[in-house]
Amino acid sequence: MQVSRRVFLRYAAALGGVAALNKSGLMTLKNLSPSEAEAMQTSMGKYEVKYTADAMCPAECGMEMWIKDGKIAKIYGNKAVPMNDGIACAKGASGQQLVYSPYRLKYPMIRVGERGSGKFKRVTWDEAIDHIGKKLADIKKKYGAESAIMDCGDVTDRDHYYRLFFAYGTPNCTEHGSICDTPRRHGPKLMVGGKRWEPDIMRPQLVRQPDGSLKKDYTYKSKLIVYNGWNPFVATRIFYESRGTVGAKVENGCKVVVIDPSYSNTATAADMWLAPRAGTDGDLFGAMLRYILENDNQNDPNKKYINWSFKKYSTGWEDFDAAFKSWWGKKDPINGLSYFSLDWAADRTGLSKKQIEDLAHLFGITKPAALVWGMQSPGHHYNGYCASIIGVALNVITGNFDIPGGVIDTELVKSDKGGSATGKQFKSKKVKRMIDGKEVEGEVEHFHMDLFGSKYPAAWDDAVADYPNAFMEGVDVRYGPFRGYHYPIKAYILRTGNSILTGSAPYKWKDAILAKDASGNYKLELYVFIDSLNLESALYADVILPEASYAERQSLSDIYPSHQVIYNRDAVIKPLHESKKPTEIMNMLARKLHELGDSDIKGSDFWEKYKTEEDFVNEMLAPAPGRVNVGTPLPYPQYPEGYKLIGTPESLEKGEVTVDDRNKVVKGKPVTVEWLRNNHGVAIWPMSWYRYKKHNADEPNKAFPNTSTKLIEFKFDWADGGKRYGGYKSYNEKIEKAGGEVPLGLREIGFSKFPSTFFWFETKWNPYTNPEYKKYAKDYPFQLICGRVHHAMSGTQMIPWLGEIKTEGTWQPMNNEFEAEVPEAMPMGDEPMKAMKMKFKANTYAVGTIWMNTDDAKKAGIKNGDLVVVENPLGKSTKGKVFASGGIRPGIIKIGFATGGRFSEGLGPAYKTKDYTPSHNDLVDPDVLSPIMGFPGYADMIVKVKKV
Amino acid sequence: MSKKYALLVDLRKCVGCTSCQVSCKMENAVPIGEFRSKVDIADTGEYPKPKRYFLPKICNQCDEAPCILPCPTGATYKREDGVVMVNRDVCIGCGRCVGACPYGARFIHPHIPVKNDPSKYAKDVPEVKGKKARDLRVVDKCDYCSHRLAEGIEEPACVRNCVGKARFFGDLNDPNSEVSKLKASVKTTDWHPDYGTKPRSTFIAPDKEVFSAADGQINR
Amino acid sequence: MNDLYEITEARMHVYNLLRRIYAAGPTLEFTSNLGNAMLEYLSDVESIREGSRMVSMACREVRNEKDLDDLHVEFARLFLFGKMPAPPYESVYQGEGGCLMGEPAIAVRREYLKEGLQVERLYSEPDDHIAIEFEFMAFLCNKALSALKNQDNNEADKLMKKQKDFMEMHIAKWVPSFCDSVLNATKGRFYGGIALFTKSFVIEDSGFLIELYDMSEVKN
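Residues numbered from 1 in each chain as written. Chains lettered and ligands numbered in written order. Predicted model: local features only at pLDDT ≥ 70, side-chain atom pairs only at ≥ 80, totals over all residues.

**Notes on the overall build of chain B**
Right, on to step 1. The helix and strand tally for chain B stands at six helices and nine strands.
Right, on to step 2. In terms of C-alpha radius of gyration, chain B reaches 18 Å, essentially the compact-globule figure of 17 Å for 220 residues.
Right, on to step 3. When the backbone C-alpha atoms are referred to their principal axes, chain B occupies close to 55 × 45 × 30 Å.
Right, on to step 4. Looking at chain B as a whole, 49% of its 220 residues are labelled buried.
Right, on to step 5. In chain B, 63% of the contacts between residues at least 6 apart in sequence involve partners at least 24 apart. (Helix = DSSP H or I, 4+ residues; strand = E, 2+ residues; numbered from the N terminus. Rg over C-alpha atoms; globule rule 2.2 N^0.38 Å. Buried ≥ 20, exposed ≤ 12 C-beta atoms within 10 Å, placed from the backbone. Contact = placed C-beta atoms within 7 Å.)

**Points about the overall build of chain A**
Right, on to step 1. A tally of regular secondary structure across chain A gives 27 helices and 44 strands.
Right, on to step 2. Radius of gyration (C-alpha) of chain A: 29 Å, near the 30 Å computed for a compact globule of 948 residues.
Right, on to step 3. Along the longest, intermediate and shortest principal axes, the C-alpha atoms of chain A span 110 × 75 × 70 Å.
Right, on to step 4. Counting only residues that meet the buried cut, chain A has 61% of its 948 residues in that class.
Right, on to step 5. Within chain A, counting contacts between residues at least 6 apart in sequence, those at least 24 apart form 69% of the total.

**Regarding the interface of chain A and chain B**
Right, on to step 1. In this assembly, 42 residues from chain A lie in contact with 34 residues from chain B.
Right, on to step 2. Those elements that place two or more of their residues in the side of chain A that touches chain B are strand 4 (71–77), helix 3 (90–93) and helix 9 (240–252) of chain A.
Right, on to step 3. Of the residues forming the side of chain A that touches chain B, the biggest block, five residues, is contributed by helix 9 of chain A.
Right, on to step 4. Looking at the side of chain A that touches chain B residue by residue, the classes come out as 19 nonpolar, 15 polar and eight charged. (Nonpolar A, V, L, I, M, F, W, Y, C, P; charged D, E, K, R; others polar.)

**Some remarks on the sheet that holds strand 28 (residues 644–646) of chain A**
Residue and element names in this part refer to chain A.
Right, on to step 1. Taken in spatial order, the four strands line up as 27-28-30-29 in an open sheet, and their pairing is mixed. This sheet does not close on itself; its edge strands, each paired only once, are strand 27 (625–628) and strand 29 (658–660). On average, adjacent strands in this sheet sit at an angle of 15° to one another, irrespective of strand direction.
Right, on to step 2. By the bridge criterion, three bridges tie strand 29 to strand 30 (residues 665–667) in an arrangement that is antiparallel. Each residue of the ladder has a partner; that of Val 659, found in strand 30, is Val 666. (Pairing = 2+ DSSP bridges. Axes fitted to C-alpha atoms, helices over the stretch in contact; angles between N-to-C directions.)

**Considerations on the environment of Ser 555 of chain A**
Right, on to step 1. Looking at where Ser 555 of chain A falls in the secondary structure, it is placed in strand 25 (residues 555–557).
Right, on to step 2. Those residues in contact with Ser 555 of chain A that sit more than four places away from it in its chain are Thr 156, Asp 157, Arg 569 and Val 617 of chain A.

**Observations regarding the domain arrangement of chain B**
Where the parts come together, the accessible area they lose is often given as the size of the interface.
All names here are of chain B.
Right, on to step 1. Each domain of chain B was delimited in the assignment, giving domain 1 (5–63 + 144–213) and domain 2 (76–140).
Right, on to step 2. Summarising the inter-unit geometry, the C-alpha centres of domain 1 and domain 2 are found 25 Å apart.
Right, on to step 3. Each side of the interface is counted separately: domain 1 has 13 residues, and domain 2 has 13 residues. (Domains from an automatic or database assignment.)

**Some remarks on the domain arrangement of chain A**
Right, on to step 1. Under the domain assignment used here, chain A contains domain 1 (109–180 + 449–557 + 579–612), domain 2 (193–413), domain 3 (625–670), domain 4 (716–748) and domain 5 (778–827 + 834–947).
Right, on to step 2. Taking only C-alpha atoms into account, the centre of domain 3 of chain A sits 51 Å from that of domain 5 of chain A.

**Description of the confidence of the model for chain A**
All names here are of chain A.
Right, on to step 1. The predicted model of chain A averages 92 in pLDDT, with 95% of residues at 70 or higher.
Right, on to step 2. Here residues 1–8 is modelled with pLDDT under 50, and outside its nearest four sequence neighbours on either side it reaches 19 contacts, counting other chains as well.
Right, on to step 3. The low-confidence segment residues 822–836 (pLDDT under 50) makes 37 contacts with residues lying over four places distant or belonging to another chain. (pLDDT = per-residue confidence, 0-100.)

**Points about the sheet that holds strand 44 (residues 942–947) of chain A**
All names here are of chain A.
Right, on to step 1. Around the barrel, six strands lie side by side as 35-43-40-42-41-44; this closed barrel has mixed pairing. The mean angle between the axes of side-by-side strands here comes to 45°, regardless of whether they run parallel or antiparallel.
Right, on to step 2. Relative to strand 42 (residues 877–885), strand 40 (residues 850–853) runs parallel, the two being bridged by four bridges. Looking at the pairing, Trp 851 lines up with Phe 883 of strand 42.

**Focus on the packing of helix 7 (residues 130–149) of chain C against helix 8 (residues 153–185) of chain C**
All names here are of chain C.
Right, on to step 1. Between helix 7 and helix 8, whose axes approach to 10 Å, the crossing angle comes to 160°. By the angle class used here, helix 7 and helix 8 are roughly antiparallel. The interaxial crossing formed by helix 7 with helix 8 has left-handed handedness. Here Ile 130, Glu 133, Phe 136, Met 137, Leu 140, Cys 141, Lys 143, Ala 144, Ala 147 and Leu 148 of helix 7 lie close against helix 8, whose contacting residues are Glu 155, Ala 156, Leu 159, Met 160, Lys 162, Gln 163, Phe 166, His 170, Ile 171, Val 175 and Phe 178.
Right, on to step 2. Of the residues in the contact of helix 7 with helix 8, the class split is 15 nonpolar, two polar and four charged. (Parallel < 35°, antiparallel > 145°, perpendicular 65-115°, else oblique. Left-handed = near helix turned anticlockwise from the far one by under 90°.)

**Overview of the nonpolar core**
Right, on to step 1. Judged by nonpolar contacts, the single largest core of 415 residues is most densely connected at Ala 148, Met 288, Val 528, Ile 893 and Val 943 of chain A.
Right, on to step 2. No other element matches the 12 residues that helix 7 of chain C contributes to this core. (Core = buried A, V, L, I, M, F, W, Y, C linked by C-beta atoms within 7 Å.)

**Some words on the environment of Trp 811 of chain A**
Residue and element names in this part refer to chain A.
Right, on to step 1. Within the secondary structure layout, Trp 811 lies in strand 36 (residues 811–812).
Right, on to step 2. Taking the number of C-beta atoms within 10 Å as the measure of exposure, Trp 811 has 27 and is therefore buried.
Right, on to step 3. Discounting residues that sit within four places of it in the chain, Trp 811 has contacts with Val 789, His 791, Ala 792, Lys 806, Ala 846, Gly 848, Thr 849, Gly 896 and Thr 899.

**Comments concerning unusual backbone geometry**
Right, on to step 1. Here the amide bond leading from Arg 203 of chain A into Pro 204 of chain A is cis, since omega sits at 10°, within 30 degrees of zero.
Right, on to step 2. Structurally, the position occupied by Pro 204 of chain A is in the loop between strand 9 (197–199) and strand 10 (205–208).
Right, on to step 3. Of note, the amide linkage connecting Ser 377 of chain A to Pro 378 of chain A takes the cis form, showing an omega dihedral of 5°.
Right, on to step 4. Tracing the backbone through its elements, the reader meets Pro 378 of chain A in the loop between strand 16 (369–373) and helix 14 (384–397).
Right, on to step 5. Phi is positive for Ala 29 of chain B, close to 50°, though the residue is something other than glycine.

**Here's the deal with the pairing of strand 4 of chain A**
Residue and element names in this part refer to chain A.
Right, on to step 1. Most of strand 4 sits out of view: five of its seven residues are buried.
Right, on to step 2. Relative to strand 4, strand 3 (residues 62–68) runs antiparallel, the two sharing six bridges. Paired with Glu 64 across the bridge in strand 4 is Tyr 76.

**Remarks on the confidence of the model for chain B**
Right, on to step 1. The predicted model of chain B has a mean per-residue pLDDT of 95, with 100% of residues at 70 or higher.
Right, on to step 2. Prediction confidence for the complex, expressed as pTM and ipTM, is 0.94 and 0.95 respectively.

Set out below in C-alpha cells:
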C-alpha cells in the first residue's frame with residue numbers, strides 16, 4: 001500500500017506513554033464473546049413494553065412505555081390504571097426530553113470556591129459520600145442529629161431518605177406537600193382525618209354488582225361541580241378531573257361552576273364563571289353557608305338544601321353552628337356589615353349579591369354536588385384554613401360527602417403504603433439532652449422544629465418557608481419534654497426540590513444559605529442537593545448527587561384515587577450516566593455513617609436488608625390496601641364489615657385469606673412487585689360510597705372516617721366522659737403543658753389556644769378585607785395571584801416541546817429572539833457540518849408572562865407584549881411582558897409559579913429568557929407565614945405595575 | 001371492503017391540554033417549530049364575558065385533496081383507506097404541495113434529505129433546478145400514524161393520549177365503530193368546508209365560533 | 001508499509017490521548033506528561049502546532065492542587081454541568097431534538113458491535129460520547145497495526161476503510177462543530193488548546209483517510 005508522505009503527524013516517543021488505555025472508572029468499551037455479540041445484534045431494534053408511572057407531577061399517572069435498545073422510545077398512558085385510563089398529558093408524553101436532556105445532572109460534583117459561584121468539579125461517588133458522611137458525623141457529634149433537615153421535595157420516593165435520616169436521629173424530614181397547599185387541606189384533616197376533597201369523577205371505578213361480580217363502571221353521576229380557585233385542566237394533578245368534568249357534563253348533564261379571578265382553561269367548560277377578588281374564598285363560602293342555614297326549608301322542595309341525616313354521622317354540629325352564627329351579630333370593621341351576610345360578601349368579594357345568592361341556592365338544591373377548592377386559593381392564603389373548614393361543612397350538611405356523584409376525601413380512601421419501610425419507628429428512639437443544667441430524656445420526635453418549636457406546633461406538614469429563619473437563628477424548642485432546648489440547623493439535604501426558588505422569596509433563602517458566622521464559616525455547614533435536574537437550588541450546594549430519573553427508579557403511585565388503587569412505577573431503563581437510585585444512595589450513605597462510628601445506623605436496617613430497590617418496594621407494599629371493609633356496596637360482602645383489608649385483589653376475591661377476628665383484619669396474599677408486574681402494573685380494589693355508615697343500616701360504622709371519634713367532627717377540642725377528643729386536642733395539650741405559652745403563629749392572630757370549633761380571622765396584604773392594609777390600596781391597585789402552568793413547573797420548564805404550547809395568560813409565545821443550546825436534529829447523509837446553535841425567532845417560543853385585564857392595561861398605557869415592572873410595597877420587583885385580555889378580573893394580575901426569572905444555567909432556553917420573564921416568588925412576603933401551619937402566603941400580595 | 005379511516009374530535013370534551021400536539025411530536029419525532037398536529041388556542045371577548053377556544057388540528061386527509069395534483073413526482077398520493085401519504089423515496093422537496101394545502105398541514109422537514117434525484121424533474125420544476133438531492137428536504141405531514149396502522153394499531157398517538165377523551169378514530173365503513181356511531185348520532189361540522197376539499201377529519205362543535213376564532217393554519 | 005505503520009501508530013496514540021482528555025479532568029501527573037509531550041509534538045499543520053503550544057504552556061502553569069481544581073472546574077463547566085456550552089455527545093449535534101441517546105448513539109453502538117465491542121455500562125452511558133468514539137478509532141488503529149505486523153494487507157485495508165467510514169459517518173460530522181463551541185466558550189489555554197488541536201487533527205485525519213482510500217481505490 002502506497003501512502004503519500006504527509007508529515008502532519010510526527011510524534012515524540014513520550015506521547016505514546018501519556019495516556020495508557022486504562023479502565024480506571026472512565027467510560028470505556030469492553031469485549032463481548034461472539035455469542036453475546038450475536039444475541040445483542042438480534043435484540044437490537046425490538047420494542048419491549050413496560051408499565052410504569054410518570055413523576056413529572058404528583059398525579060403520577062400510569063404509563064406504558066415502549067423501550068427499544070435500552071431507551072424509552074414511546075410513551076403512552078397505561079390503560080389499566082383508572083387514574084388516567086390510558087391517557088397521557090403533554091408533559092407526560094414529553095418525558096424523553098427530560099430523561100435524555102443534556103442538562104441533566106450526570107455525576108457527583110463538589111463545590112470549588114464560594115457557594116453560588118457555580119464552580120463545581122466532578123468527583124467519584126465514594127468521594128462525595130465520604131465528604132457528606134464525615135460532615136454529618138461531625139454535625140451529629142457537635143450539635144446533635146436534630147440539626148439536620150432532610151427535605152425530600154417531590155412526593156415520590158421520599159421514604160428511603162426519611163428512613164435514613166430518622167435513623168440518623170433527626171425528625172426534621174419533610175417533603176413537597178409543605179409548600180403545596182396545607183391550608184387547603186386543613187378542614188378535611190381536622191374534620192375527617194383526611195386531606196383532599198375531589199369530585200367523584202374518577203372513571204372507571206370497579207364496583208361490586210348485586211350479583212357479586214365486579215364491573216368497571218364508567219357512568220358519571222355528578223350534577224354539579226363547583227371549582228373554587230381550582231383549575232384542573234391546567235394545574236392537572238387530579239388528572240381524571242380533566243376528562244371527568246367534560247365527561248360528566250356531556251354524558252350526565254352536570255353543571256360546572258368555576259370561581260377564579262382569571263378565566264382559566266377550566267372556566268371554558270363552566271356554565272358559570274365567577275371572578276371574585278383574590279383571597280375572599282372563605283368570605284364566599286361563609287356567605288353560602290349562612291344563606292343555606294337561613295333559607296333552608298325542609299318542606300319546600302326548591303329549598304331543601306340540608307340533609308339533616310348528617311348529624312347521625314357527625315358530632316359537634318351545634319357548637320359549630322352556634323360559633324358560626326355568633327359572627328352574624330358582629331359588624332365587620334372594614335364595611336360595617338354583618339359577617340357572612342350577602343351584603344357583606346358582595347362588598348368583600350366584589351361579586352354581586354345575586355351572584356352569591358344564585359350560587360348558594362344552586363349548590364344547595366342540586367344533588368349530587370361537589371364543592372372543591374384549590375391550592376392557590378384558598379390554599380395559598382394566610383387565612384385559607386377558614387375557607388377549608390367551611391367548605392367541608394358545606395359539603396357535609398348538604399349531604400354530598402362520599403355519595404355517588406358527590407365529593408370524596410381521596411386521602412381516606414387511598415391504599416396504604418410505606419409501612420415499616422419509612423422508618424417512623426426510629427423517631428421513638430430515646431435520647432438525652434442537657435437543659436438548664438438538668439439531663440432530660442425524650443424521643444427523637446420531640447426535637448421536631450415545628451411540632452415542638454415555638455411557632456407552628458400544629459404544622460402537620462413542616463413549615464419549609466420558615467427554614468431560612470432556622471438556618472440563621474436555629475430552633476427554640478418550647479413544647480414537649482425538651483422545652484427550653486435550643487439547637488442550630490447545620491445541615492440541609494435537599495432532594496428533588498427547588499426551595500431556593502419556590503420555598504418563599506428567593507432572596508431570603510440565598511441570604512440564609514450564604515450567611516456566615518463570626519469566624520467566616522457558613523452557618524449552614526452542609527448543603528447537599530440530590531436530583532436529576534440542575535435547578536437553582538443546586539447552584540448553592542456544597543455537594544451535588546445525581547439521582548436516577550423517574551423512569552430509572554422504582555416505587556409506588558397512588559395519590560388521588562376515589563378508592564384503593566396502587567400501581568408500580570417500574571424502573572424501565574438503567575440509570576443514566578452515574579445517577580443512582582434512592583435505595584443505593586440511602587445504602588451508601590448509611591454504610592458510610594456506620595463506618596464512621598454511628599451506632600444508630602445498622603446494616604440490618606439498611607444495606608443488608610435492602611439488597612435491591614425491589615426489596616424496599618415490597619416492604620412498602622406490605623400494608624396494602626390497609627383500608628376497612630365499609631360502604632355501600634360493601635367492597636367484600638364475604639368479609640365482616642369494618643375489618644381492615646390486606647392483600648392482593650386476587651386473593652381477597654378468591655377467599656385465600658386468614659381472618660383475624662381479634663384484630664379485625666382480613667389478610668390475603670401480600671401485594672408484591674412481581675404480582676403488580678403480572679397485572680399490568682396495578683392493583684385495584686372495589687369502590688364504594690357512604691363509607692361512614694353501615695352498609696345495611698343508617699348508623700355510623702365507627703370505622704370511618706379517621707377521627708378521634710370515627711365521626712365527622714365539627715368541634716376540634718373537647719372532653720367527654722373523662723377523655724379528650726378532637727383534631728386540635730394534642731396541640732392544646734402541648735400548650736397547657738408548657739404553662740400556657742402561646743405559639744408565635746397563634747399570637748399573631750390573637751388566639752391563646754387552638755380553637756374548639758368554627759373560627760375566623762383575616763388574611764394579609766388584602767386591602768378589601770383587612771383594614772390594616774387599606775392604606776396601600778391606592779398605590780398598589782392590583783392583587784397579585786399566581787397559578788401553576790403545568791407545562792412550565794420549576795423542574796420541567798426546560799423541555800423544548802412544552803415551549804411550543806401556550807397557556808391562558810401566563811405562558812405565551814413572547815420570547816425575544818434568542819439562540820439556544822437545544823440543537824435541532826441535523827441531517828443524516830453526506831453533509832457539510834452545521835453549527836450547533838439554533839435561533840428562535842421572536843414570539844415563537846412560550847415564556848412566562850404577566851396576565852392583565854385589557855382595560856387595566858389601557859388605563860396604564862400598556863399594550864400587549866410590553867415589558868413592565870411589577871413592584872410590591874416591600875420594594876421588591878420583577879419584570880415581564882404583559883398578556884392583556886378580557887379573561888381576568890380588573891384589579892388582578894396573574895403570574896405563573898416559577899415561570900420566569902430562572903437563574904440556573906442548567907435550564908436551557910428557560911435561562912435565556914430570565915431577564916424579561918417574571919419571578920412570582922420574588923414578590924412573596926417571606927414573613928407572611930400562615931398562623932397555624934406556617935405555610936407561606938404565596939397568594940397574599942398587592943402590587944403596582946409600570947411600563948419599562 | 002377496505003377501511004375508510006376518519007378522525008372525529010368532540011370539542012365538547014377538548015380541554016385544551018395540547019397532549020395531541022406533543023404526543024405526535026413524541027411519536028413521530030417532529031422537529032421543533034413544525035407541526036403535524038397543532039392546537040390553536042384563541043382568546044376572544046371582553047370581561048366579564050371572555051371566551052377561549054381550543055381547536056386541535058391535523059391533516060384532514062381530504063377526499064379531494066388539493067395537494068396531490070401539484071406533485072410533479074407522484075410522491076404524494078391518497079391510499080384506499082383514505083390516508084394521504086408522502087413517499088420519502090420519491091419526493092424531491094419542491095414544496096408545491098405545501099402551498100397547495102389551504103389548511104397549512106404540510107411542511108418541509110428540515111432534517112430529512114431527499115433521496116430521489118431532482119435533476120430528472122428540473123426542466124418542469126424550476127424550484128429544484130441546479131440543486132442536488134442532499135440540498136433538498138422532503139415534505140412531511142400527519143399520516144394518521146400509518147406506522148401504527150401497519151402494525152394493526154388503529155389508534156394514532158394523539159388519540160391514544162387525549163386527555164379529554166375527545167378524539168375518536170376508526171373505520172367509517174364499519175357501522176359499529178365509534179366514529180360511525182358518533183357521526184350517526186351527533187351533528188358534526190368540518191373545518192372550512194368552503195375550501196371544498198372534503199376533509200375526512202371532522203368535529204362535534206356546538207359553538208361554531210371556534211372555527212373563526214381559532215382559524216390559523218397548522219404551519220405558517 | 002513502514003510509513004503506514006508509523007503513521008497509524010502515531011494516530012492511535014493521539015486518539016488515546018484525546019480519549020483520556022475528554023473522559024475526565026486531568027491529574028497532576030497527566031498534565032506534567034502532557035505538557036512535555038505536546039512541547040515535542042511536531043506537525044506541518046499550523047493549527048495543530050498552535051493547539052499543542054497552547055496546551056503545553058497551560059500544562060506548565062499547573063503547579064498545585066488549586067491549579068488543577070481550576071482545570072476540573074473548567075472541564076465541568078464546558079462538558080458536564082450547568083450551561084454546558086459543549087456537551088460532548090454526537091446526539092446533541094446530529095440527533096433529533098438535541099437529546100441524548102439519539103439515533104447517532106444507536107448507530108455507533110452497531111458499529112462497536114460489529115467489532116465485538118460494547119460500552120461497558122450499556123444503556124447507562126451514551127455510546128456516542130466523544131471519548132468513546134475516540135477510543136473506538138484507537139481500537140481500529142491498534143487492530144490495523146496487528147494486521148500490518150502480520151503482513152495481512154487485506155485485513156489492514158479493511159480496517160483503514162473502517163476508520164475512514166467511521167470518521168466520515170460520525171466523527172467528522174460533529175467534532176469540529178463541538179470544538180468550535182469549546183473555543184467560543186473557554187478563555188483558558190488548556191481546553192482552548194485541546195479544542196484547537198482536536199479540531200485540526202480530526203480535519204487532517206479525515207483528509208488523510210479519504211486520500212488513503214482514494215489511493216487504494218486507484219490501485220485496485
